[in-house]
Amino acid sequence: QGSTRRTHSKHPPKALLWARVAALLCTCTAFSAAAHGGSLPSHVITDWCIFCWAFGFAFTLLVLLAEAFGFQARVPVSWNNFPITVASYSAHLCLAASILFPLTFLRGQTNNMSSEVKGHRVASTVFSCLATLAYVLEVSLTKARPGEVAGYMATAPGLLKVCQTTVACVIFIYVSSPVTYDSHPALEWCMAVYCICFILSMAVVLMCVGGCTGYLPVPLPKFLSVYALLAVAMYLTATILWPVFQFSKANRNRNRNSRTDLIVVAVLTAVNFLLYLADLAYSARLVFVSVI
């Protein structure tokens, strides 16, 4: 096919190396400032943001050490898929933290906190944004180009899987605190859609990173196309049913904060529907790269 194979040297290119180092320092600073000086309350968003920054820091450090000491061949994962998967998830997680953290712990609260606490929370937000930019740069440097032989996770469908699972995680946060899907069977179906599609998309990611796609009973492209079609159909129903039943007359007495959360879930459901639709279009024909 005239493709050229990307090779992984023992030492990554300087731009990629500096992007990873910047991401490592920024995520470390973000969660350190939040944990030690932010005076954060016990809250699901607190745990989520700390997890996002800690995830990026831990796995970026692992990638840096493996690249520096040439341990890629000894790590039981597909190195064509692992680093870009880590960078892509870290980019999305840090972006989510960069939005949720200030909305939850800075908006409307600056007059009621000390300058020290405010400074730590602002610092966490700023360094979270910088970490996001560093991870976006890393993904742009390592994603598949036309004509390259690359891992599935470096292709557009692979990166879309990361987007889908990250959006689903944010949906889970908003529907579970408090629980907002148990008032009607249609809403329980929506929750089932979120869970089923998340599990299957995450399974695809783990199989690609673990190099286990050969164990599928059908060829990977065929499996991905069928799954993408199924996910589009399921998310279409959720995109329609969630707002119809959550904003019905029977549910109009919810408080303002709860309704805001429900609107966020409705928007994210529509976003994931579009992501799965794009995934279906790409998965139907992986022609611009050879996938390994």
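What you see is a predicted model; the values in this text were computed from it and never measured.

Visitor: I tried to follow a nonpolar patch on the surface on my own but got confused; where do I start?
Guide: A cluster of nonpolar side chains, L61, L65, F69 and F71, forms an exposed patch at the surface whose accessible area comes to about 370 Å². Mapped onto the fold, L61 is located in helix α2 (residues 44-69).

Visitor: Would you mind going over empty space enclosed by the protein with me for this structure?
Guide: It is the rolling of a water-molecule-sized probe over the atoms that shows where space remains empty. Scanning the model with the defined rule gives one cavity of 30 Å³ or more in all. When its volume is computed, the largest cavity comes out at roughly 40 Å³. Along the walls of the largest cavity sit R20, T60, V63, P83, V86, A87, Y135 and E138, which together make up its complete lining. Counting residues per element, the lining of the largest cavity draws most heavily on helix α3 (residues 82-105), which supplies three residues. Per-class residue counts for the lining of the largest cavity are five nonpolar, one polar and two charged.

Visitor: Just to check I follow, could you spell out the UniProt feature "transmembrane region" (unreviewed entry) in the chain for this structure?
Guide: Residues annotated by UniProt as "transmembrane region" (unreviewed entry) correspond here to residues 15-36, 48-66, 86-106, 118-137, 149-175, 187-218, 224-242 and 262-282. When the span residues 48-66 is considered, its composition is 100% helix and 0% strand, and the gap between its end C-alpha atoms is 27 Å. With 75% helix and 0% strand, the stretch residues 187-218 has end C-alpha atoms that lie 33 Å from each other.

Visitor: Even after reading the chapter, I still don't get the layout of surface pockets, so can you show me in this structure?
Guide: Computed from the structure, the largest pocket encloses a volume of approximately 840 Å³. Forming the boundary of the largest pocket are 29 residues, of which L100, L103, Y174, D261 and V264 lie nearest the centre. In terms of residues, the lining of the largest pocket owes the most to one element, helix α8 (residues 256-283), which gives ten residues. For the lining of the largest pocket, the per-class residue count stands at 19 nonpolar, seven polar and three charged.

Visitor: In this structure, what is going on with the state of the cysteines? I would like to understand it.
Guide: The full count for this structure, using the stated rule, is zero disulfides. C94 provides the cysteine sulfur closest to C129, a residue in no disulfide bond, and the two sulfurs are 9.6 Å apart. There is no disulfide at C197, and the cysteine sulfur nearest it, in C195, is 9.6 Å away. Under the relative-accessibility criterion, C197 is labelled buried at 0%.

Visitor: Before we go on, may I ask you to explain the packing of α2 against helix α4 (residues 115-142) in this structure?
Guide: With their axes 11 Å apart at the nearest point, α2 and α4 run at an angle of 45 degrees to one another. Put simply, α2 runs oblique to α4. Crossing of α2 over α4 shows left-handed handedness. Seen from α2, the contacting residues are W53, G56, F57 and T60; seen from α4, they are S124, S128 and Y135.

Cut-offs used in this document
Residues numbered from 1 in each chain as written. Predicted model: local features only at pLDDT ≥ 70, side-chain atom pairs only at ≥ 80, totals over all residues. Heavy atoms only, no water. Patch = residues over 30% accessible without salt bridge, like charges linked within 9 Å, V, L, I, M, F, W, Y side chains within 5 Å. Areas by Shrake-Rupley, 256 points an atom, 1.4 Å probe, with all protein chains shown as cover. Salt bridge = Lys/Arg side-chain N within 4 Å of Asp/Glu carboxyl O. Helix = DSSP H or I, 4+ residues; strand = E, 2+ residues; numbered from the N terminus. 1 Å grid on protein atoms, 1.4 Å probe; cavity = no way out; pocket = protein on both sides within 12 Å on 5 of 7 lines; lining within 4 Å. Points joined across faces, edges and corners; volume = space filled by probe spheres on them. Nonpolar A, V, L, I, M, F, W, Y, C, P; charged D, E, K, R; others polar. UniProt positions renumbered as here; feature names shortened; annotations may be inferred. Disulfide = S-S within 2.5 Å. Buried < 20%, exposed > 50% of the residue type's maximum accessible area, 1.4 Å probe, protein only. Axes fitted to C-alpha atoms, helices over the stretch in contact; angles between N-to-C directions. Parallel < 35°, antiparallel > 145°, perpendicular 65-115°, else oblique. Left-handed = near helix turned anticlockwise from the far one by under 90°. Contact = heavy atoms within 4.5 Å.

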